[in-house]
Structures are given as structure tokens and as C-alpha cells.
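Listed here are the chains, written in short residue letters.
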Amino acid sequence: MLDVPLDSWYAWFGLSLASLALVGAVAGLPTTPPPNAADAAETVDRVAAAEYDATAEHPLDASAIRIGTRRISLRNDAGTAHATFGFGPVTPVPVGDSPLRAVLHGAPPESVFESKAAFQQAVVDARVGADDATWRDVDRTLIVRRTSWEGVDVVLVDA
């Protein structure tokens, strides 16, 4: 039989436990990077800074989004990221049925709204509603559209 001192067994047992803890820690690390909110905000800024009507899409690597008038937040399993818009305020399109959604997807504002005042009021209401923006699921791209109608300039954002 081997004549091994008792201290060696304790050392071996301690190293085994440390190895198991290390394997557990490595297995718990996220396999994807956190979402890139800065790139999404840059897409919004490029459209907002355009002199004329413009549209852009940005693929998202997030599972949830929160869009405010001056900030965007993205979240996935690896973490949460935030970025501030350089140009703003923008108008987050409300969740659900909104005439602004049709404008975001390419309809001219004058074909969706009865008047310039109605368009302007919808923009104001959407911005006020964005103050209480909550996290919502996202499984597609970020869509940004800059448009104007009789002096009402707006940058619509949705995902």
C-alpha cells in the first residue's frame, strides 16, 4: 500500500474542489457579447442628421429594447447597453396600432393623417409616451425614418 501523508490527500481534495469551481465559473460566462447600443444610436443619428427624408435599418443583437427620445437601451443574455443620441429628440413609434407606424414603414404623412396638426399631435403624444418607455421584446431590426410634412420634421424609430 502507498504510504502517502494525510496532508497530500487534503491538498488533492482541495485542488479538485478548486477545479470544479473554476469549471463552474467558466460554464457560467456568457457565450455572446453584450448588445451594441452605440452602433444602433449611430444609425439613428445618421438618419436624424440627414438634410432630406431618409430611412435606415440596423440589425439588432438584442432580445429586448427600450427607446426613449434621447436614448436607446438594448439587452440580451450577456448584459445591457445604453447609448445617447447625438441628434434629437427622436420619436419612438408607440407599441400597437399607431398611424406613425405606417409612416415609419414608408407611407407619406399626408396619406395617413387628416392634417398637419394631427400629425404633429401624434408626434407629441408619442414623445410624451416615451418618457415611460419600458423594456419590450425585439426580434428584428431597428428601423429609422426621417420625414417631414409642412414644417413638421420628425425622426421615427422602432424595432
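Computed from a predicted model, the values in this text were never measured in an experiment.

Participant: Describe the pattern of salt bridges, listing the residues and the values that go with them.
Facilitator: The tally for this structure, following the rule as stated, stands at three salt bridges. In this structure, R101 and D158 form a salt bridge, with 2.3 Å as the shortest nitrogen-oxygen distance. In this pair, R101 is assigned in helix 3 (residues 99-104) and D158 in strand 8 (residues 152-158), connecting sequence segments 57 residues apart. The burial state of R101 is the same as that of D158; both residues are buried. The residue D158 makes a salt bridge to R136 at a minimum N-O spacing of 2.7 Å. A residue pair is termed long-range when its members are at least 10 positions apart, and D158 in strand 8 and R136 in strand 6 (residues 136-137) qualify at 22 residues. Judged on exposure class, the residue D158 and its partner R136 are both buried. Through salt bridges with shared partners, a single ionic network connects R101, R136, R140 and D158.

Participant: An account of the pairing of strand 2 (residues 64-67) is needed here, citing residue identities and associated values.
Facilitator: Sheet topology places strand 2 next to strand 3 (residues 71-76); four bridges connect them, and they run antiparallel. Paired with I65 across the two strands is L74, which belongs to strand 3.

Criteria and thresholds
Residues numbered from 1 in each chain as written. Predicted model: local features only at pLDDT ≥ 70, side-chain atom pairs only at ≥ 80, totals over all residues. Heavy atoms only, no water. Salt bridge = Lys/Arg side-chain N within 4 Å of Asp/Glu carboxyl O. Helix = DSSP H or I, 4+ residues; strand = E, 2+ residues; numbered from the N terminus. Buried < 20%, exposed > 50% of the residue type's maximum accessible area, 1.4 Å probe, protein only. Pairing = 2+ DSSP bridges.

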